[in-house]
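# Structural description and commentary
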Amino acid sequence: MNLSAHISIPDNLTDAGKRGLALSIMRRGHGFVGAAFLLKRENGDGYVWLHLLCQGIEIICKSLLILHDFDGNYSTLSKKYGHKLTKCVMHAGAAHGCHDPRGAWFAEFQTLAGFYERHWLRYETGFGLFVDPSTIPTGHLRHRVFALVRLLRMRGLV
């Protein structure tokens, strides 16, 4: 997600410009989450909806990190986090004063994050021959993601 490697972002962005860029990125992550839930509702491919969900979570968390500290985080997102969802979620939460995640939703998240980080949801690696995506638990995680989206909406961030 290091856009500066592909697009020249001015070094002299105002604080409003930095916030605007972070919010634009957050809206894109929100779109991935929305697409995931629409695909789930329409009984679309299970691996695709899980991948979209993870991609949305990743982008939202990265946007939260740059919203918190644009100068300290924007240029290092790709190198520091890559697709490491657990690390990204923990750091984004800590940056915004959240407690360390725990419980059933986090156990589901860590399982799903492991699949996402290995690209098992994105590419056909043979994993799909042995694991039906409907058997990957996400019920608690989905409730947490819904809560996150509601919170972002209440705060006017998406």
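Everything quoted here is computed from the prediction, not taken from an experiment.

Let's shift gears to the state of the cysteines. A covalent bond between the sulfur atoms of two cysteines is referred to as a disulfide. Taken as a whole and assessed by the stated rule, the structure comprises zero disulfides. C88 supplies the cysteine sulfur nearest to C61, a cysteine that is in no disulfide, at a spacing of 5.0 Å. Residue classification places C88 among the buried residues on the basis of a relative accessible area of 1%.

Let us now look at the pattern of salt bridges. Counted according to the given criterion, the structure contains three salt bridges. A salt bridge links E42 to R41; the nearest nitrogen and oxygen atoms lie 3.5 Å apart. The two residues E42 and R41 agree in class, both being exposed. Residue E58 is joined to K62 by a salt bridge in which the shortest nitrogen-to-oxygen separation is 2.8 Å. In this pair, E58 and K62 both sit in helix α2 (residues 46-68), four residues apart, roughly one turn of the helix. Just as E58 is buried, K62 falls in that class too.

As a further point, take the packing of helix α1 (residues 15-41) against α2. It is the contact of α1 with α2, at a shortest axis distance of 8 Å, that shows an interaxial angle of 160 degrees. With respect to each other, α1 and α2 are oriented roughly antiparallel. Handedness of the crossing formed by α1 with α2: left-handed. Split into classes, the residues belonging to the contact of α1 with α2 amount to 20 nonpolar, five polar and three charged.

Under the 1.5 Å per step criterion, the end-to-end length of helix α6 (residues 104-117) is 20 Å for 14 residues, consistent within 8% with the ideal 20 Å. What α6 keeps buried is the set W105, F106, E108, F109, L112, A113, G114, F115 and Y116. Contacts made by the buried residues of α6 are with α2, α5 (85-95), α7 (127-130) and α8 (139-154).

So, how was this worked out
Residues numbered from 1 in each chain as written. Predicted model: local features only at pLDDT ≥ 70, side-chain atom pairs only at ≥ 80, totals over all residues. Heavy atoms only, no water. Disulfide = S-S within 2.5 Å. Buried < 20%, exposed > 50% of the residue type's maximum accessible area, 1.4 Å probe, protein only. Salt bridge = Lys/Arg side-chain N within 4 Å of Asp/Glu carboxyl O. Helix = DSSP H or I, 4+ residues; strand = E, 2+ residues; numbered from the N terminus. Axes fitted to C-alpha atoms, helices over the stretch in contact; angles between N-to-C directions. Parallel < 35°, antiparallel > 145°, perpendicular 65-115°, else oblique. Left-handed = near helix turned anticlockwise from the far one by under 90°. Nonpolar A, V, L, I, M, F, W, Y, C, P; charged D, E, K, R; others polar. Expected span 1.5 Å × (residues − 1). Contact = heavy atoms within 4.5 Å.

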